[in-house]
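# Architecture and fold: a report
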Amino acid sequence: MMRLLFIGLWACLVTLLASYGGAYWMAGSAGAKSEEPYLAGLEYRRLDPINVPMIIDGTVRGYVIAKLVFTADAGTLRKLPIDPQIFVTNAAFDEIYTEGRIEFGKLSKYNLAEMMANIRMRANEKLKGDVITEILVDGINYIDKSEIRALVDRTGDTPKKKSSAASGEKATH
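Note that the structure is a prediction, hence the values are computed from the model and not measured.

### Looking at the overall build of the protein chain
Looking only at helices and strands, the protein chain has five helices and six strands in total. Looking at the protein chain as a whole, 20% of its 173 residues qualify as buried. Of all intrachain contacts in the protein chain linking residues separated by at least 6 positions in sequence, the fraction that spans at least 24 positions is 71%. When the accessible surface of the protein chain is summed, it comes to about 13300 Å², and 60% of that surface belongs to carbon and sulfur atoms.

### Observations concerning the packing of helix α3 (residues 85–99) against helix α4 (residues 112–127)
Each packed pair of helices is defined by two parameters, the angle between the axes and the distance between the axes. At a minimum axis distance of 8 Å, the contact between α3 and α4 shows a crossing angle of 135°. Comparing the axis directions of α3 and α4 gives the class oblique. Remark: the crossing between α3 and α4 carries right-handed chirality. In this structure, α3 contributes F87, V88, A91, A92, D94, E95, I96 and T98 to the contact, and α4 contributes M115, N118, I119, R122, A123, K126 and L127.

### Description of the pairing of strand β3 (residues 59–73)
As paired strands, strand β1 (residues 42–46) and β3 are joined by five bridges and run antiparallel to one another. Pairing of R45 across the sheet is with F70, part of β3. In the sheet, strand β2 (residues 50–56) pairs with β3 via seven bridges, with the strands oriented antiparallel. Directly across from I55, in β3, lies its bridge partner V60. Hairpin remark: β2 followed by β3, antiparallel, with two residues in the connecting loop; positive phi at D57, about 55°. With 11 bridges connecting them, β3 and strand β6 (residues 132–144) associate as antiparallel partners. Looking at β6, one finds that F70 is bridged to I135.

### Considering α3
Helix length check: α3, at 15 residues, gives a terminal C-alpha distance of 21 Å against a target of 21 Å (1.5 Å per residue), a fit within 8%. Regarding α3, the residues found buried are V88, A91, A92, E95 and I96. For α3, the angular spread of the buried residues around the axis is 125°, confining them to a single face. Opposite the packed face of α3, turned more than 90 degrees from it, sit the exposed residues I86 and T98. Packed against the buried residues of α3 are β2, β3, α4 and β6.

### Overview of the environment of N141
Along the chain, the position of N141 falls in strand β6. The contacts of N141, once residues within four sequence positions are left out, are Y63, V64 and I65.

### As for the packing of aromatic side chains
Tallying each qualifying case throughout the model produces one aromatic pair. Taken together, a centroid distance of 5.8 Å and an interplanar angle of 15° make the contact between F93 and Y97 stacked. Taken together, the residues F93 and Y97, both in helix α3 and four residues apart, mark about one turn of the helix. Residue Y97 is classed as partly exposed on the basis of its relative accessible area of 39%.

### As for unusual backbone geometry
The phi dihedral of K128 is positive, around 55°, even though this residue is not glycine. Along the chain, K128 falls in the loop between α4 and β6.

### Details of the side chain of N124
As for its position among the elements, N124 is in helix α4. You can call N124 buried: its relative accessible area is 9%. With sequence-adjacent residues up to four places away left out, N124 is seen in contact with G129, D130, V131 and I132.

### Side note on a nonpolar patch on the surface
Together, W10, L13, V14 and L17 make up an exposed nonpolar region whose accessible area comes to about 410 Å². Accessibility expressed as a relative area gives 39% for V14, which makes it partly exposed.

Reading the values: rules and limits
- Residues numbered from 1 in each chain as written.
- Predicted model: local features only at pLDDT ≥ 70, side-chain atom pairs only at ≥ 80, totals over all residues.
- Heavy atoms only, no water.
- Helix = DSSP H or I, 4+ residues; strand = E, 2+ residues; numbered from the N terminus.
- Buried < 20%, exposed > 50% of the residue type's maximum accessible area, 1.4 Å probe, protein only.
- Contact = heavy atoms within 4.5 Å.
- Areas by Shrake-Rupley, 256 points an atom, 1.4 Å probe, with all protein chains shown as cover.
- Axes fitted to C-alpha atoms, helices over the stretch in contact; angles between N-to-C directions.
- Parallel < 35°, antiparallel > 145°, perpendicular 65-115°, else oblique.
- Left-handed = near helix turned anticlockwise from the far one by under 90°.
- Pairing = 2+ DSSP bridges.
- Expected span 1.5 Å × (residues − 1).
- Arc of directions from axis to C-beta.
- Phe/Tyr/Trp six-rings, centres within 6.5 Å; stacked < 30°, edge-to-face > 60°.
- Patch = residues over 30% accessible without salt bridge, like charges linked within 9 Å, V, L, I, M, F, W, Y side chains within 5 Å.
- Salt bridge = Lys/Arg side-chain N within 4 Å of Asp/Glu carboxyl O.

Scope: geometric values only; no functional claims are made or implied.
Right, dumping it as structure tokens:
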């Protein structure tokens, strides 16, 4: 009887020590992993398309539609209190609107490298640091005002008139 009690006590003691040792070992190995520096690398963020009106002689002649992507250090982006996309979008709009070289009937080439460098510089000035690494062009198009009207006319997107029942009049049957 004593022997059976001793074996039971021994099994409980070994199980308890093994559980304690395993938990202690797992806690020690998790601490070592968290001490390693996180290598973040670059992060790419796509901006919403930007529609910039081209105003010539006081009238809107068309729109430049730009799709841009910017790169930045992922660790730096996590530390920022505000999303840098707002500043990049604003800088891109300013650059295209003020420095745009599209005129009615005359489509000239943009110096994209210079434009993207200016957008990057303006955005980094607003962010008060070298946050934005590079601005990339996903797409840039010019749509003339007459083309927009022709497109609307083809699709038939015109405001619909309210029915008499919707306008508050009673329908009689």
